Every structure is written in C-alpha cells, then in structure tokens.
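Tertiary structure, described
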Amino acid sequence: MKLRFWTKQGEGKTEPLVQAIAKMCLAFFVVVALLISGCATAKIEQSAGVLEHGEKMDRTMYDLNYVEGLRLSMQGDLAEALKRFERALKINPESDAANYRISTISAMRRDYENALKYGRRACGIDPENPWYLMNIANIYIQQSMLDSAAVWLEKVLDLDASNEEEKIRLGNIYLETGKLERAEIIFQDLYDRYGGNEQILISLLDVKVRLKKYEDAEAVIKKEIENDPQNMRLIGLLAEIYAEAGEKAKAGEIYDKLLTMQEGNRNVVLSYMEFLMENGEYEMLFERAGKLIYGKEQSKETKIGFLVRMMQDTMLVNQYGGQIISFSEYLMDNNEDNPTLV
C-alpha cells in the first residue's frame, strides 16, 4: 500500500524507491570517495614499511601514490586516480584503504564486478569499518539487489545500533522486499523515540496497513492529529487508512469534511477522487470530476494527470467512456498545444 495523500505532496515524484535509493548512493560514493580524513584512511597501514608476511615495501612510494590518487579524485579525474590507487595497492597488497578506493571508483564507473571484488577485500582486512560495509551495501543497491544490500546494512547496525540513517535505509529496504515484520520493528522503535517525524511516520503507517494492523495505524495517526488538529495531511491519511480497512462510511465522512474545509486543495481532491474510483463510486466520482475539469481551482497539469488516471481504469472507460471523451475534448479546446492531451 502506498499512502497516496502523503506521497502526492511532491508533484511528479513517481520514481521507484530502488531508483531513488540508487541515485542517492551515487552521490554517497562521490562524497565518501573524496574524504581524505575519513574513516577509510584513518587506518591506512598498521606497519612501518614491513608487510604482514615479512616482505618490505616502499612506504614513501605507497603514500605518494595514495595521496596523489586522492588529489586526482578530488579533481574528478577518476581514471588516473584509479591507476594511482592500483599502484599503491601493488606496493602494499594489504592496504584496506587502497582496496576501498578502487572499489568506490569502480562503483561510480558501474564496474560492479571489481567494485565488489575490491570492496570485499577491504572488508576482509578491516571487517569493523562501517564505511567499508556501507560501500558493499550501496553497490548492491545500485544493482537493485536489495536482499544482499540488507545483509551488509545489518552488519553496519551490528557494529553501531545507533546509526539511525542506516537503520531507516534498512527499514525501507525491508518494506521494498516484503519483510514487513522486520520493517515494523525498525519504524516502531524509531517512532517511539522520535515521535511524528514525517519520514518515520509515513513508513510506520505504510507497514502497519500492509500488515492489516488497521487499528494500530488508526491509533498512531489519531495521536498525531491530537497534537496537530489543523494538519490536513494527517486527516487525509486517516481517511486513507479507513478506506484501506474497508470502512467506506468513515472514510467518506472525513473526505467530506476535508473538502468543506479545503475545497481547492489539490491533495484533498485527488485523494478523494482516488478513493471514489477504487470503491466504484462512479456517479459521485463524475460529479466531482466535472468540478475538477471545468473549474478554475486546479492547474492544467493536475487536470491532465487525473484524466490519464481515469483512462487507466478499464471498467470506468467501458461504462463512462463518453464522459471521459467530453472531458478530454474540453481540455483540448483550451490547451491545443499540449502533446499529452493529443
């Protein structure tokens, strides 16, 4: 279940969760790869010129190549930076930091085979470095291998259970992969500690509704409404919870109240329309749709978006195709240059 009333706050945000996470990961790789003083470099070498199995290395040449690799990375010259880190690794094969840098650059270049190869080497040398663990998780996320990513994020939290950012990411991955009970544990814990943070609240409500724990979801949202009774988004969420629970009468009452309070609110109108469509209330739907299409309260983009949504409902098109065509013709007459309408 996606709680529409909340997600409609961002116009046009239809990107799937996996793609959104992957984009964030690319930015994460860029930033982390350039942190000279980060955790990865804090433990570059344990020895002073002697490798673990007794062989000597040229520490000066290692440092020169490694630091030059960092400098080139900061300038965006990833190909040359990669060569420098490879030289550094050839001088000292036991360098977790060089392995890590090669892994992050490989990931940015979408060479996932080498990204995982060198990333795992870094983890093998220093298995308690959270940056190395998160690097592996991010590589799997970029490949949409969320179950594997979850394994590595779990390792991060085993090291540091207070890492809230990674805990939220893991909870969202559990949601995406259908591990709802695990997701509920995470988001319930975060909600109990931090209250009505929007990101945490919507995730908690989402998982409870998908688990059909409607009474729990109702109790949470009513508590939030008590603290902020004028918040239309919270009231809209309560209506959607009732709709998901099959309590149409309660949902309808709340939508009527919302429309009375904020007739022109795009989020209220679209959420109510979706509710009517999903519950087969077609007569009421077309009464409201007429006000939406012919009225001046909503933007052209909102009208077109709703019209497209109506066309996706086969039963609606079969029974009310003529009225949908009338709406389309009206919008075309007033927006002749719009290719979407054509």
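The structure presented is a predicted model; accordingly, all values stated were derived computationally and were not measured.

1. Description of the overall build of the protein chain
Within the protein chain, the secondary structure is distributed over 19 helices and zero strands. Looking at the protein chain as a whole, 49% of its 342 residues qualify as buried. Within the protein chain, residue pairs in contact and separated by at least 24 positions form 56% of the contacts whose partners lie at least 6 positions apart. Of the roughly 17400 Å² of accessible surface on the protein chain, 51% is carried by carbon and sulfur atoms.

2. Observations concerning the side chain of Lys-208
By the element assignment, Lys-208 lies in helix α12 (residues 198–210). Within the structure, the side chain of Lys-208 is placed 3.1 Å from the side chain of Gln-188, a separation counted as a polar contact. The residues contacting Lys-208, other than those within four sequence positions of it, are Glu-184, Gln-188, Lys-213, Tyr-214, Asp-216, Ala-217 and Val-220.

3. Things to note about the packing of aromatic side chains
In this structure the tally under the stated criterion is 11 aromatic pairs. Ring geometry for Tyr-62 against Tyr-66: centres 5.9 Å apart, planes inclined by 20°, an arrangement best described as stacked. Taken together, the residues Tyr-62 and Tyr-66, both in helix α4 (residues 59–74) and four residues apart, mark about one turn of the helix. The exposure classification of Tyr-62 matches that of Tyr-66, with both residues buried.

4. So, the pattern of salt bridges
Tallying each qualifying case throughout the model produces 17 salt bridges. Of the charged contacts in the structure, one is a salt bridge between Glu-80 and Lys-83, with a shortest N-O distance of 3.3 Å. Placement of both Glu-80 and Lys-83 in helix α5 (residues 78–91) is noted, with a separation of three residues, approximately one turn of the helix. Assessed through its relative accessible area of 31%, Glu-80 is described here as partly exposed. Relative accessible area serves as the criterion here: at 42%, Lys-83 is assigned to the partly exposed category. Residues participating in the shared-partner salt-bridge network are Glu-164, Lys-167, Asp-189 and Arg-193.

5. Quick notes on the packing of helix α7 (residues 112–125) against helix α8 (residues 130–142)
The N-to-C vectors of α7 and α8 enclose an angle of 160°; their axes lie 9 Å apart at closest approach. Put simply, α7 runs roughly antiparallel to α8. Crossing handedness for the pair α7 and α8: left-handed. Residue-level inspection shows Tyr-112, Ala-115, Leu-116, Gly-119, Arg-120, Ala-122 and Cys-123 of α7 in contact with α8, the latter providing Tyr-132, Leu-133, Asn-135, Ile-136, Ile-139, Tyr-140 and Gln-142.

6. Re unusual backbone geometry
In this model, Ser-144 sits at a positive phi of 60°, which is unusual for a non-glycine residue. Along the chain, the position of Ser-144 falls in the loop between α8 and α9 (146–159). What makes Ser-144 partly exposed here is its relative accessible area of 45%. Phi at Lys-212 takes a positive value of approximately 65°, unusual for a residue other than glycine. Relative to the helices and strands, Lys-212 is located in the loop between α12 and α13 (214–227).

7. A word on α13
Its 14 residues place the ends of α13 20 Å apart at the C-alpha level, agreeing with the 20 Å of an ideal helix rising 1.5 Å per residue. Considered for burial, the residues of α13 that qualify are Ala-217, Glu-218, Val-220, Ile-221, Glu-224 and Ile-225. Down the axis of α13, the buried side of the element spans an arc of 165°, and every buried residue falls inside it. For α13, exposure combined with an orientation more than 90 degrees from the buried face picks out Glu-215, Glu-226 and Asn-227. In this structure, the buried side of α13 is in contact with α11 (180–194), α12 and α14 (232–244).

8. Quick look at the nonpolar core
Counting residues in each nonpolar core, the largest one holds 95 residues, and the members touching the most others are Tyr-66, Leu-205, Ile-221, Leu-285, Phe-306, Met-310 and Leu-316. Residue contributions to this core peak at nine residues, all from α14. With sequence-adjacent residues up to four places away left out, Leu-316 is seen in contact with Met-277, Tyr-282, Leu-285, Phe-286, Met-310, Gly-321 and Ile-324.

Calculation notes
Residues numbered from 1 in each chain as written. Predicted model: local features only at pLDDT ≥ 70, side-chain atom pairs only at ≥ 80, totals over all residues. Heavy atoms only, no water. Helix = DSSP H or I, 4+ residues; strand = E, 2+ residues; numbered from the N terminus. Buried < 20%, exposed > 50% of the residue type's maximum accessible area, 1.4 Å probe, protein only. Contact = heavy atoms within 4.5 Å. Areas by Shrake-Rupley, 256 points an atom, 1.4 Å probe, with all protein chains shown as cover. Polar contact = N/O pair within 3.5 Å; in protein donor to acceptor, adjacent residues only side chain to side chain. Phe/Tyr/Trp six-rings, centres within 6.5 Å; stacked < 30°, edge-to-face > 60°. Salt bridge = Lys/Arg side-chain N within 4 Å of Asp/Glu carboxyl O. Axes fitted to C-alpha atoms, helices over the stretch in contact; angles between N-to-C directions. Parallel < 35°, antiparallel > 145°, perpendicular 65-115°, else oblique. Left-handed = near helix turned anticlockwise from the far one by under 90°. Expected span 1.5 Å × (residues − 1). Arc of directions from axis to C-beta. Core = buried A, V, L, I, M, F, W, Y, C linked by side-chain atoms within 4.5 Å.

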